[in-house]
Amino acid sequence: MKSRLEKVYSKLPNQKVNLKEQKVELGIVQDIIQVFKEGQDQFTTAASMEDRALEEYENSLQTLLKAQELADEANSQAQDLGVEIPSETQAIFERIDSFISSAQDKLNN
């Protein structure tokens, strides 16, 4: 005679469940979540760095504009006095203009 447990088991459907496949699918989902979180963290870090960089470009632009004002004043005074500004100094004035242009480009993109 069959025990109660054997009777219960005999009435259950005889289906095989592939648990390994279920585990693999769960593992893939966990991998996706982990990789997504890493990508999200990296994106957040990059956005923060970009914000800080834009602030620095803005600060440098303001400083360079002050330098440009001083250079314009120096040019004006030299012209009033009838003296020529040395070429090395003129090169620095040109570099100021170049840096201002670069900073403005960075802030406009």
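(A) Quick peek at a negative patch on the surface. Together, E69, D72, E73, E94 and D97 make up a region of like negative charge exposed at the surface. For the negative patch, the secondary-structure elements that each account for two or more residues are α2 (19–81) and α3 (87–108). With three residues, α2 is the largest single contributor of residues to the negative patch. Turning to its location among the elements, E73 is positioned in helix α2. With relative accessibility at 43%, the residue E73 sits in the partly exposed group.

(B) Highlighting the confidence of the model for the protein chain. When pLDDT is averaged along the protein chain, the result is 87; 80% of the residues meet or exceed 70. Mean pLDDT per element in the protein chain: helix α1 (residues 4–11) is the minimum at 66, and α3 is the maximum at 94.

(C) Geometry of α3. With 22 residues, α3 should reach 32 Å at 1.5 Å per residue; the first-to-last C-alpha distance of 32 Å fits that figure. Along α3, the residues classified as buried are F93, I96, I100 and A103. Across the axial projection of α3, the buried residues extend over an arc of 85°, all falling on one side. For α3, exposure combined with an orientation more than 90 degrees from the buried face picks out S87, E88, E94 and R95.

Cut-offs and rules
Residues numbered from 1 in each chain as written. Predicted model: local features only at pLDDT ≥ 70, side-chain atom pairs only at ≥ 80, totals over all residues. Heavy atoms only, no water. Patch = residues over 30% accessible without salt bridge, like charges linked within 9 Å, V, L, I, M, F, W, Y side chains within 5 Å. Areas by Shrake-Rupley, 256 points an atom, 1.4 Å probe, with all protein chains shown as cover. Salt bridge = Lys/Arg side-chain N within 4 Å of Asp/Glu carboxyl O. Lys, Arg positive; Asp, Glu negative; His and termini not counted. Charge placed at Lys NZ, Arg CZ, Asp CG, Glu CD. Helix = DSSP H or I, 4+ residues; strand = E, 2+ residues; numbered from the N terminus. Buried < 20%, exposed > 50% of the residue type's maximum accessible area, 1.4 Å probe, protein only. pLDDT = per-residue confidence, 0-100. Expected span 1.5 Å × (residues − 1). Arc of directions from axis to C-beta.

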